[in-house]
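Secondary and tertiary structure notes
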Amino acid sequence: MSKVQVLVGTKKGAFILTADGKRQKWNVSGPHFAGWEIYHVKGSPVEPNRIYASQTSGWFGQIIQRSDDGGKTWNTPGSSPEELKSPDGMPKGESNKFVYAGEVGTHKWYDGTQHPWEFKRIWHLEPSLTDPNTVYAGAEDAAIFKTVDGGKTWKELSGLRSAKGHLWQPGAGGMAVHTIILDPKNANRIFVAISAAGAFRSESGGKTWKPINRGLKSKWELPDSDAEVGHCVHRIALHPSRPDVLFMQKHWDVMRTDNAGESWSEVSGNLPSDFGFPIDVHAHEPETIYVVPIKSDSEHFPPDGKLRVYRSRTGGNEWEALTKGLPQKDCYVNVLRDAMSVDSLEPCGIYFGTTGGQVYASADSGDTWNPIVRDLPAVLSVEVQTLP
Amino acid sequence: MIRVILPFHLRNLARIDGEVQLEVEGPATLRSVLDALEARYPVLRGTIRDHVTLKRRPFVRFFACKEDLSCEPPETALPEAVVNSEEPFLIVGAMAGG
């Protein structure tokens, strides 16, 4: 029987939740890396026992961890005794070395001046669809890094910051590459999203990039609501069978594109609020999508104290509230952008984590929900592995 | 021999139980002790000092003999009591406040 493994990153460590294909009884493992912020944990789609984690701290900086046994044990990549000596005999230790390529350059600062890029942390790790040793990492300040040796060393794909990076200006949540999507049908195509900068696409495996923000409107956030960059994209998602169709949860507005980002149109429809963070696509129904409406940019909690996932079976515009099993009064948690995921079982499972430490699961495409855990630290990210 | 005490999270990261004892070649300075520490435990590179600039991370502090050496130049010699192992060199995570 298949099983699922939910990889949860929190403000105080990582947790691994496992269940069989029925998804009723759960085993909880953790905290891993207790006390550290775990921004993201994600497994390789080609080698599921290979899992990468971004471990970070305001005191001690960035650490990359890797498991080769499905999350039972972890190591910083390249830390075995034989790997720690370079050919000249000097100790190495570079799995946490994220250095911007070439001249560091500058971006727009809060006061309108230009400010040098400063590495803070890795928000998102996206393992290659074909090679377990290749991973892309989304950084704050916004940049994308790549490893081809299983996380031992990282190099920046600096072309991204050439896509009008001097105009990017951090918002209150910083300026990070928080979403990386690898096109399953075109190995050279990569999508990224950056808070307070927008969505970008590469057709060259990450060498060069262009902004793909036409159609986004940011009336309250930008002086020019149609600007080429500067839009606060919170999340983008696609179905693997149809990589030209992307869905976006923007700061305000839920959007879709049918041409890989050349133009976007709004599909917020009857949502009670079109502000929110995560968005995801059903594993078997490319037109079924999920969002979690949040009251506003000033009040980051669900409208009316009711935690509701909204599902559209029509690719947007027509939405239904999914409430069964979710708190419908006095609920004031948030669901962050990387904290929703789907499994590929039948029926499709949907998972999300909250800033209140709950991880909810639905084993029936969102019709009903149950908490797997209720009292974890604030959840930063949720990823699901569907295992044989 | 220099005795170094690391904060909880860095001991866990480097899989160190207790304090570290380091032999430092030449004068024992802030820089030479950190160089020796990172050479012994490469996983600590980047966690105490920036990888490239080698500047102390903002929320890491260096204490010895009841003195705060955090803002002293890297060439600063460690106190004699640290050099002769009577006192440890402390690497501390700054208090979070609150």
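Residues numbered from 1 in each chain as written. Chains lettered and ligands numbered in written order. Predicted model: local features only at pLDDT ≥ 70, side-chain atom pairs only at ≥ 80, totals over all residues.

Regarding the overall build of chain A
Cut-off, in case you're wondering: Helix and strand definitions follow DSSP, with helices as H or I runs of at least four residues and strands as E runs of at least two, each counted in order from the N terminus. Radius of gyration: over C-alpha atoms. The globule rule applied is 2.2 Å multiplied by the number of residues raised to the 0.38 power. For the purpose of contact definition, each residue receives a C-beta atom placed from its backbone, and two residues are in contact when these atoms lie within 7 Å.
Looking only at helices and strands, one finds zero helices and 29 strands in chain A. Relative to its length of 388 residues, chain A is compact, with a C-alpha radius of gyration of 20 Å against a globular reference of 21 Å. Taken over the C-alpha atoms alone, chain A extends approximately 65 × 50 × 40 Å along its principal axes. Looking at chain A alone, contacts between residues at least 24 apart form 50% of all its contacts between residues at least 6 apart.

A look at the interface of chain B and chain A
With 16 residues of chain B in contact, the opposing surface of chain A contributes 17 residues. For the side of chain B that touches chain A, the element with the most residues is helix α1 (residues 8-14) of chain B, which contributes three residues.

Quick notes on the sheet that holds strand β3 (residues 27-32) of chain A
Residue and element names in this part refer to chain A. Under the convention used in this document: Here the rule is simple: two strands pair whenever DSSP picks up at least two bridges between them. A fitted line through C-alpha atoms serves as each axis, taken over the contacting stretch for helices, and the angle formed by two N-to-C directions is quoted from 0 to 180°.
Judged by pairing direction, the sheet is antiparallel, and its four strands sit side by side in the order β3-β2-β1-β29 without closing on themselves. In this open sheet, the two edge strands, each paired with only one partner strand, are β3 and β29 (379-387). On average, each strand axis in the sheet is inclined to that of its neighbour by 15°, with strand direction left out of account. Bridging between strand β1 (residues 3-10) and strand β2 (residues 13-20) involves eight bridges; their strand directions are antiparallel.

Considerations on unusual backbone geometry
Most of the time, phi is negative for any residue but glycine, and the peptide bond is trans. Residues and elements named next belong to chain A. Heads up, the rule is: Every C-beta atom is placed from the backbone, and the number of other C-beta atoms within 10 Å of a residue's own sets its class: buried at 20 or more, exposed at 12 or fewer, partly exposed in between.
Following Gly30, the chain continues into Pro31 via a peptide bond in cis, with omega recorded as 0°. Of note, Pro31 is situated in strand β3. Cis rather than trans, the peptide bond between Glu140 and Asp141 has omega equal to -5°. One can find Asp141 in the loop between β10 (135-140) and β11 (143-147). Phi angles above zero are rare outside glycine, and Asp304 is one such case at about 65°. The exposure class assigned to Asp304 is exposed, which follows from the 12 C-beta atoms found within 10 Å. Even without a glycine there, the phi angle at Ser365 is positive, about 65°.

Looking at the sheet that holds strand β5 (residues 51-57) of chain A
Residue and element names in this part refer to chain A. Taking strand neighbours across the sheet as the criterion, the three strands line up as β4-β5-β6 in an open arrangement whose pairing is antiparallel. Two strands bound the open sheet, and with one partner strand each, they are β4 (37-43) and β6 (61-67). Direction aside, neighbouring strands of the sheet carry axes that sit 15° apart on average. As paired elements, β4 and β5 share six bridges and run antiparallel to each other. Within β5, the residue paired with Val41 across the bridge is Ala53.

Focus on the pairing of strand β22 (residues 289-294) of chain A
Residue and element names in this part refer to chain A. With six of its six residues buried, β22 lies for the most part within the structure. Covered by surrounding structure in β22 are Ile289, Val291 and Pro293 together with Tyr290, Val292 and Ile294, the residues of both alternating faces. Examined bridge by bridge, strand β21 (residues 275-281) and β22 share five bridges and lie antiparallel to one another. Bridge assignment links Asp280 to a residue of β22, and that residue is Tyr290. In this structure, β22 lies alongside strand β23 (residues 309-312), joined through three bridges in antiparallel fashion. Paired with Tyr290 across the two strands is Arg311, which belongs to β23.

Some points on the pairing of strand β14 (residues 190-194) of chain A
All names here are of chain A. With respect to burial, β14 is a largely interior element, five of its five residues being buried. Pairing geometry for strand β13 (residues 177-182) and β14, over five bridges, is antiparallel. By the bridge assignment, Leu182 is partnered in β14 with Ile190.

Quick look at the environment of Leu7 of chain A
Residues and elements named next belong to chain A. Looking at the secondary structure, you find Leu7 in strand β1. A C-alpha to C-alpha distance of 16 Å links Leu7 and Lys25, two positions 18 residues apart in sequence. Setting aside chain neighbours within four positions, we find Leu7 in contact with Ile16, Val41, Lys42, Gly43, Ile51, Glu383 and Gln385.

Here's the deal with the environment of Pro132 of chain A
Relative to the helices and strands, Pro132 of chain A resides in the loop between β9 (121-127) and β10. The residues contacting Pro132 of chain A, other than those within four sequence positions of it, are Ser44, Val46, Glu47, Arg50 and Pro127 of chain A.

A short note on the confidence of the model for chain B
Here is the rule we go by: pLDDT is defined as a per-residue confidence score from the predictor, taking values between 0 and 100.
The share of residues in chain B with pLDDT of 70 or more is 98%, and the mean pLDDT across the chain is 94. Scored as a whole, the predicted complex attains pTM 0.96, and scored at its interfaces, ipTM 0.93.

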